[in-house]
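Structure at a glance
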Amino acid sequence: MLEQYGAIAILAGVAFIFPFIPLIASSMIHIRKPTREKMLTYECGVDTIGRSWVQFKTSYFLYALAFVLFDVETAFLYPWAIVFRTMDAAAFIAMFVFMGILLLGLAYAWKKGALEWK
């Protein structure tokens, strides 16, 4: 039993330490002597023209967020479809409750105009 917890402890330790590795590496190789050329905004090999700060409409973000939300929730339907014939009535009703919540969320997003591409 302790071997299982040991593996989990090692995994948790690696998961905790792993994000700090890029932070430490970037602090070691940061720009030591900033010059005008080094501090210029650089994107795709082309010097920027005009402002490099561009603001996006939040509607694009909401549209993408709604897509990801319904895409991930739809993935929960696949295991249900695989065991559809062996389910009891409670699981069948629970999945229809889940699908009803999805439809309510879709109706809410549609009503708020989050699905309109302007």
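Predicted, not measured: the structure shown is a model, and the values here were computed from it. (Residues numbered from 1 in each chain as written. Predicted model: local features only at pLDDT ≥ 70, side-chain atom pairs only at ≥ 80, totals over all residues. Heavy atoms only, no water.)

Here we look at the overall build of the chain
For the chain, the count of helices and strands is five helices and two strands. Going from N to C terminus, the chain has its helices and strands arranged as α-α-β-β-α-α-α. In the chain, which comprises 118 residues, the proportion classed as buried is 6%. (Helix = DSSP H or I, 4+ residues; strand = E, 2+ residues; numbered from the N terminus. Buried < 20%, exposed > 50% of the residue type's maximum accessible area, 1.4 Å probe, protein only.)

As for the packing of aromatic side chains
Inspection of every chain in the model, using the stated rule, returns seven aromatic pairs. An angle of 55° between the planes, with centres 5.9 Å apart, marks the rings of Phe84 and Phe92 as tilted. When its relative accessible area of 32% is taken as the criterion, Phe92 is described as partly exposed. By the ring-pair criterion, three or more aromatic residues cluster together here, those being Trp80, Phe84, Phe92 and Phe96. (Phe/Tyr/Trp six-rings, centres within 6.5 Å; stacked < 30°, edge-to-face > 60°.)

Details of the environment of Thr58
By the element assignment, Thr58 lies in helix α3 (residues 58-75). Under the relative-accessibility criterion, Thr58 is labelled exposed at 60%. Residues Thr58 and Ala114, 56 residues apart in the sequence, show an inter-C-alpha distance of 9.7 Å.

Quick notes on the confidence of the model for the chain
When the pLDDT values of the chain are averaged, the result is 82; 89% of them are 70 or greater. For the chain, strand β1 (residues 42-43) is the element with the lowest average pLDDT, namely 64, and helix α2 (residues 20-28) is the one with the highest, namely 89. (pLDDT = per-residue confidence, 0-100.)

A few points about a nonpolar patch on the surface
Together, Ile10, Val14, Phe16, Ile17, Phe18, Phe20, Ile21, Leu23, Ile24, Met28 and Ile29 give the surface a local cluster of nonpolar side chains, amounting to about 1200 Å² of exposed area. Listing elements by their share of the nonpolar patch, those giving two or more residues are α1 (2-17) and α2. Top element by residues in the nonpolar patch is α2. It accounts for five residues. Note that Phe20 resides in helix α2. Its relative accessible area of 39% is what places Phe20 among the partly exposed residues. (Patch = residues over 30% accessible without salt bridge, like charges linked within 9 Å, V, L, I, M, F, W, Y side chains within 5 Å. Areas by Shrake-Rupley, 256 points an atom, 1.4 Å probe, with all protein chains shown as cover. Salt bridge = Lys/Arg side-chain N within 4 Å of Asp/Glu carboxyl O.)

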